Amino acid sequence: QDSIIQLEDKRPTRVTFNDVGGLEELKKTIDLKIIKPFVNPSLFSKFKKKAGGGILLYGPPGCGKTYIAKATSGEINANFYSVHITDILDPYFGGSERNLHQIFETARANKPSVMFFDEIDTIGYSRSKSNSDLMRPLVDSMLTEMESVNTSTDKLLIIGATNMPWDVDSALKRPGRFDKLVFVPPPDKEARKVIFQLKLLGKPVEENLDISLLADKTHLYSGADIENVIEVATEHVLNEIMESNQERSIKMDDLLLAIKQTNPSTLEWINTIK
Ligand code: ATP
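Remember, it's a predicted structure, so these values are computed and weren't measured experimentally. Per chain, residues are indexed from 1 in the order of the written sequence. Selection of residues for local features in this predicted model requires a pLDDT of at least 70, selection of side-chain atom pairs for listing and counting requires 80 or more, and totals for whole chains, interfaces and linings are taken over all residues. Excluding hydrogens and water, the side-chain figures rest on all heavy atoms present in the structure.

A separate point is the overall build of the protein. Helix and strand assignments follow DSSP, with helices taken as H or I runs no shorter than four residues and strands as E runs no shorter than two, numbered in order from the N terminus. Of regular secondary structure, the protein possesses twelve helices and six strands. Remark: exposure states derive from per-residue accessible area (1.4 Å probe, protein chains only) relative to the maximum for the residue type, with buried under 20%, exposed over 50%, and partly exposed in between. Considering the protein as a whole, with its 274 residues, one finds that 47% of them fall into the buried category. We call two residues in contact whenever any of their non-hydrogen atoms come within 4.5 Å of each other. Within the protein, counting contacts between residues at least 6 apart in sequence, those at least 24 apart form 80% of the total. Here the protein displays about 14,500 Å² of accessible surface, and carbon together with sulfur accounts for 52% of that area. Exposure was quantified through the Shrake-Rupley algorithm and a 1.4 Å probe, taking into account, for residues, occlusion by the shown protein chains and nothing else.

Here it is as structure tokens:
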């Protein structure tokens, strides 16, 4: 098995908040709740306040939960550990807990670190799960690991994510744990404009693209969906260039066609919560 955690290398082109379209409230929350305590440990120790706990992001897939966690690490020049809970599950007794502990140890040894736990709903109790009891030790381990973290002094930040917040074990949502639940919505029109601009940056595009119209036509598209629209349009243009041997840039029509050929992926999630 490959490593169960991905350690980002420290490249000069790190993702930061500037690369994330929209989500302004969330950026402020992350700044206040985890970045400030992290860069200002003396203030917290003066007020004898333990900085800890984590933010739990939830919402439809592809809307930037992982991306903003990664950008958080970029903001503070920290290593980024992205962990899918399903990857640490081990059928052998105590195996999952050992894996979890090892991840915390590695992140500690390479601090400052941002740890991102995706699919946090997979551990713990939920009415809709049949294997809940088997997960109990892993929940307990997660609680112990989280409680042992002091964000300021350990230089360890924890962010969790789920598409199904109602399935997250309630013990994990108590104070000092994932105690701040934040919705990461599909991008609104303004955010979609920013995402289009960010993702088209550096590609040959015709002048005066009507970004506003593109944003109008992509209601309920996630950031990942917008990225895909641009992919589809780019592929189309490249094929045409190769066939005709005539180079040209990406035009408005290419992008509009790509929008017609794709669908917003957040709809399915929104329908499941109705
Ligand atoms: P999942 O629930 O499936 O894990 P997610 O919410 O974690 O999804 P991301 O992996 O963060 O989604 O997003 C997928 C890709 O879409 C990102 O790598 C990024 O390029 C793009 N993206 C999504 N949202 C944004 C955004 N707000 N600004 C810029 N890019 C975005």
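A few words now on the packing of aromatic side chains. Two aromatic rings, taken as a pair, are described by how far apart their centres are and by the angle between their planes. A pair of aromatic rings is counted whenever rings of Phe, Tyr or Trp (Trp by its six-membered ring) have centres within 6.5 Å, and the orientation is called stacked for planes under 30 degrees apart, edge-to-face for over 60 and tilted otherwise. Enumeration according to the criterion identifies five aromatic pairs in this entry. Ring geometry for Trp166 against Trp269: centres 6.4 Å apart, planes inclined by 35 degrees, an arrangement best described as tilted. One end of the pair, Trp166, is in the loop between β5 (156-162) and β6 (180-183); the other, Trp269, is in helix α12 (residues 266-273), and 103 residues separate them in sequence. With a centroid separation of 6.1 Å and 20 degrees between ring planes, the pair formed by Phe183 and Trp269 is classed as stacked. In this pair, Phe183 sits in strand β6 while Trp269 sits in helix α12, placing the two residues 86 residues apart along the sequence. Judged by its relative accessible area of 36%, Phe183 is partly exposed.

For Thr218, the position within the fold is in the loop between α9 (211-216) and α10 (223-244). On the basis of relative accessibility, which here comes to 0%, the residue Thr218 falls in the buried class. Two N or O atoms form a polar contact when they lie within 3.5 Å of each other; inside protein one atom must be a possible hydrogen donor and the other a possible acceptor, and for residues adjacent in sequence the pair counts only when both atoms belong to side chains. Here Leu214 takes part through its backbone oxygen, which lies 2.8 Å from a polar atom of the side chain of Thr218. In contact with Thr218, other than residues within four places in its own chain, are Arg192, Phe196 and Ile259.

For this description, a residue counts as near a given molecule or strand if any of its non-hydrogen atoms is within 4 Å of it. If you check the shell around the ligand, you find 17 residues, and the closest are Gly21, Gly62, Thr66, Tyr67 and Lys199. Within the backbone of Gly64, an N or O atom sits 3.2 Å from an oxygen atom of the ligand. In the model, an oxygen atom of the ligand is placed 2.9 Å from a nitrogen or oxygen of the Glu227 side chain. For the ligand, whose unbound accessible area comes to 630 Å², protein coverage reaches 82%. The distinction between a cavity and a pocket rests on a 1 Å grid over the protein atoms alone: a 1.4 Å probe fits inside a cavity but cannot get out, while a pocket stays open yet meets protein on both sides within 12 Å along at least five of seven lines, and a residue with an atom within 4 Å of a point counts as lining. Think of it this way: if more than half of a molecule's atoms are within 2 Å of a pocket's grid points, that molecule is in the pocket or cavity. With respect to the detected pockets, the ligand is housed in the largest pocket. When residues of the shell around the ligand are traced back to their parent elements, those giving at least two are α3 (65-75), α8 (189-200) and α10. Each residue belonging to the shell around the ligand can be placed in one class, and the counts come to six nonpolar, six polar and five charged. Throughout, the ten residues Ala, Val, Leu, Ile, Met, Phe, Trp, Tyr, Cys and Pro are labelled nonpolar, Asp, Glu, Lys and Arg are labelled charged, and all others, Gly among them, are labelled polar.

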